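# Descriptive structure summary
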Amino acid sequence: MTLETAPPWDDVQNYIDGDWHAPSGTDGQDIVDPATGETISYVGFSSTDDVDAAVSAGQAAFEEWSETPVEERIQPLFELKQLLEDHQEELAEVLVREHGKTLAEANGELRRGIENVEVACGIPSMMQAGHLPNAAPDIDETAIRKPLGVFTAITPFNFPGMIPLWFLPYAVATGNAFILKPSEQDPVVAQRLFELIDEAGFPDGVVQLVNGGVDTVNGLLDHEGIQGASFVGSTPVAETVYERAAANGKRVQAQGGAKNHIIVTESANLEFAAAKTVSSACACGGERCLANDVIVVEEGVYDEFTDLVLEEAAAQTVGYGLDDATDIGALITPEHESRVRDLIASGVEEGAELLLDGRDVEVDGYEDGNFLAPTVFGDVEPEMTIVREEIFGPVLGLMAVDDVDEAIDVMNRSEFGNAASLFTGDGADARKVRHEADVGNLGVNAGTAAPMAFFHFGGRKDSFFGDLHAQGEDMIHFYTDKTIYIERWPDS
Ligand code: NAD
């Protein structure tokens, strides 16, 4: 099989009970290529009936799937891993066309997704919960994990090929049924993923796809046949989803937005740090929850580091994601581009020094694309909007501080706590930041603190609502409940 990569594409479909269906709700929206402005597909939104149909099929499938030996349950995942490997290039091209990022970034994202499928193939070992003979006189105790039913995940636009795989492989490997509600802004890569899932050999109803917007999400969160929900997206929606799902008695984990800091000390390798800083802030057009865009620099190296950042930022090529020369692709929509432009204007109005202005960028042949080039501010202050709010564009601000203590203080004042990075040559500084930073992911001499699939992924404060995070072992806890067996066999 080959996956169709060249748009225009047929309308996006739901995948329910092993079959493709057009969503039957009344609303929907066009899918637009962010680089060309061309309409490349259409996604209809699912009705309550569509949600009911998926949940019922999931419940029916769960009966047998949860009783299927674990070794059999992971066979379709091995198949899926191979299908993803075989079709990675096609998936990456689809991803570029509907999202706007570069081909290298799309491939990187898919690799991270595949990693999660690989990790979930180890469920037979990871799902074991423990056994203790002679826990009490003549008594053995055994803990077992049991799957719970039908789970859903609601995912954002910025990593449409990876984030569904933070959840899906673990949900089904542990014996649950799973329903994905992808972002309505770029749902085609999820549809292609499900074309591969259809081929991988899962029983009907075990893995399903339901497209839609707010009403579809609420339908899933309110449905009594759903046991738990995972959410990834902006903070206001994460908080609402968390509250709504919890009020309905469901397990819930909700990952929100971010505002991440880099600390650069006088002992850092400044050239290395500048390259990683620009990449962290601007890769994927800055549309990453791990983008670090507030750069807090020790006074003594502030001027030198600022010059290096400006040199690196100015060298970035903005363009069409499928062109080899492109470093930074298009932003998701004209509305989002305009929001980022407004935030840049707020930086100027609130007194930051605009050192590099990316607003006038032009990309030949792509005049209708949503492009912005790297934009660098100097002398930013903690109260400024561009320091407090998530920008989600290729914009960064530099700030001078006296020392690492002040840098940590600035960073920990943020309402968000998703990630941070430290560039230093000093182990004592590294230890201090490691102990005091109030963030979920921390890089030391690493610009983007993205955990591999066998570690959990999640932030703190307004970046996360819940306790168990995405990926790895946390997912096994989220998708199972534990029962204790206490056994004694007296002589009869
Ligand atoms: P978003 O919150 O607009 O949408 C995310 C999902 O929620 C989509 O599927 C959407 O259909 C649904 N949704 C939107 N509004 C809703 C509402 N009112 N009620 C119920 N559901 C709703 O987010 P986005 O713009 O797609 O993604 C970008 C955001 O996601 C950024 O803030 C980014 O930081 C965050 N993000 C966080 C992480 C993380 O791990 N913390 C990872 C990736 C992205």
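Residues numbered from 1 in each chain as written. Predicted model: local features only at pLDDT ≥ 70, side-chain atom pairs only at ≥ 80, totals over all residues. Heavy atoms only, no water.

The name given to the chain in an unreviewed UniProt entry is methylmalonate-semialdehyde dehydrogenase (CoA acylating), with the source organism recorded as Natrialba swarupiae.

What follows covers the overall build of the chain. If you tally the helices and strands in the chain, you get 17 helices and 22 strands. Relative to its length of 492 residues, the chain is compact, with a C-alpha radius of gyration of 24 Å against a globular reference of 23 Å. Taking the principal axes of the C-alpha coordinates as reference, the chain spans close to 80 × 60 × 40 Å. Per-residue burial over the chain gives 58% buried out of 492 residues. For the chain, the exposed surface amounts to about 19,700 Å²; the carbon and sulfur share of it is 46%. Computing the positive centroid from 28 side-chain charges and the negative centroid from 90, the chain places the two 7 Å apart. (Helix = DSSP H or I, 4+ residues; strand = E, 2+ residues; numbered from the N terminus. Rg over C-alpha atoms; globule rule 2.2 N^0.38 Å. Buried < 20%, exposed > 50% of the residue type's maximum accessible area, 1.4 Å probe, protein only. Areas by Shrake-Rupley, 256 points an atom, 1.4 Å probe, with all protein chains shown as cover. Lys, Arg positive; Asp, Glu negative; His and termini not counted. Charge placed at Lys NZ, Arg CZ, Asp CG, Glu CD.)

The next thing to look at is the packing of helix 15 (residues 404-412) against helix 16 (residues 427-436). At a closest axis distance of 11 Å, the pairing of helix 15 and helix 16 adopts a crossing angle of 25°. Taken together, helix 15 and helix 16 sit at an angle that is classed as roughly parallel. As for how helix 15 packs across helix 16, the hand of that crossing is right-handed. Where helix 15 approaches helix 16, its residues Val 404, Asp 405, Ile 408 and Asn 412 are matched on the opposing element by Asp 429, Lys 432, Val 433 and Glu 436. (Axes fitted to C-alpha atoms, helices over the stretch in contact; angles between N-to-C directions. Parallel < 35°, antiparallel > 145°, perpendicular 65-115°, else oblique. Left-handed = near helix turned anticlockwise from the far one by under 90°. Contact = heavy atoms within 4.5 Å.)

Within strand 7 (residues 150-154), five of the five residues are buried, leaving the element largely enclosed by the surrounding structure. What you see with strand 7 is no split at all: Val 150, Thr 152 and Ile 154 on one side and Phe 151 and Ala 153 on the other are buried throughout. Pairing analysis gives five bridges linking strand 7 to strand 8 (residues 177-181), with the strands arranged parallel. Of the residues in strand 8, the one forming a bridge with Ile 154 is Lys 181. Relative to strand 10 (residues 226-232), strand 7 runs parallel, the two being bridged by five bridges. Of the residues in strand 10, the one forming a bridge with Phe 151 is Gly 228. (Pairing = 2+ DSSP bridges.)

Glancing now at the nonpolar core. If you look at the biggest cluster of nonpolar residues, it comprises 69 residues, and the most contacted ones within it are Leu 77, Leu 84, Phe 167, Phe 178, Phe 202, Val 207 and Tyr 479. With eight residues, the top contributor of residues to this core is helix 8 (residues 188-200). Contact partners of Val 207, with chain neighbours within four places excluded, come to Tyr 15, Leu 168, Val 172, Phe 178, Phe 194, Ile 197 and Phe 202. (Core = buried A, V, L, I, M, F, W, Y, C linked by side-chain atoms within 4.5 Å.)

Moving on to the UniProt feature "domain: Aldehyde dehydrogenase" (unreviewed entry) in the chain. Per the UniProt record, the feature "domain: Aldehyde dehydrogenase" (unreviewed entry) sits at residues 23-481. For residues 23-481, helix accounts for 39% and strand for 21%, while the C-alpha atoms at its two ends are 33 Å apart. (UniProt positions renumbered as here; feature names shortened; annotations may be inferred.)

Now for the sheet that holds strand 5 (residues 131-136). Ordered in space as 5-6-22, the three strands form an open sheet in which the pairing is antiparallel. Two strands in the sheet have a free side with no partner beyond their single neighbour: strand 5 and strand 22 (480-488). On average, each strand axis in the sheet is inclined to that of its neighbour by 30°, with strand direction left out of account. As paired elements, strand 5 and strand 6 (residues 139-147) share three bridges and run antiparallel to each other. Across the sheet, residue His 131 finds its bridge partner in strand 6, namely Thr 142.

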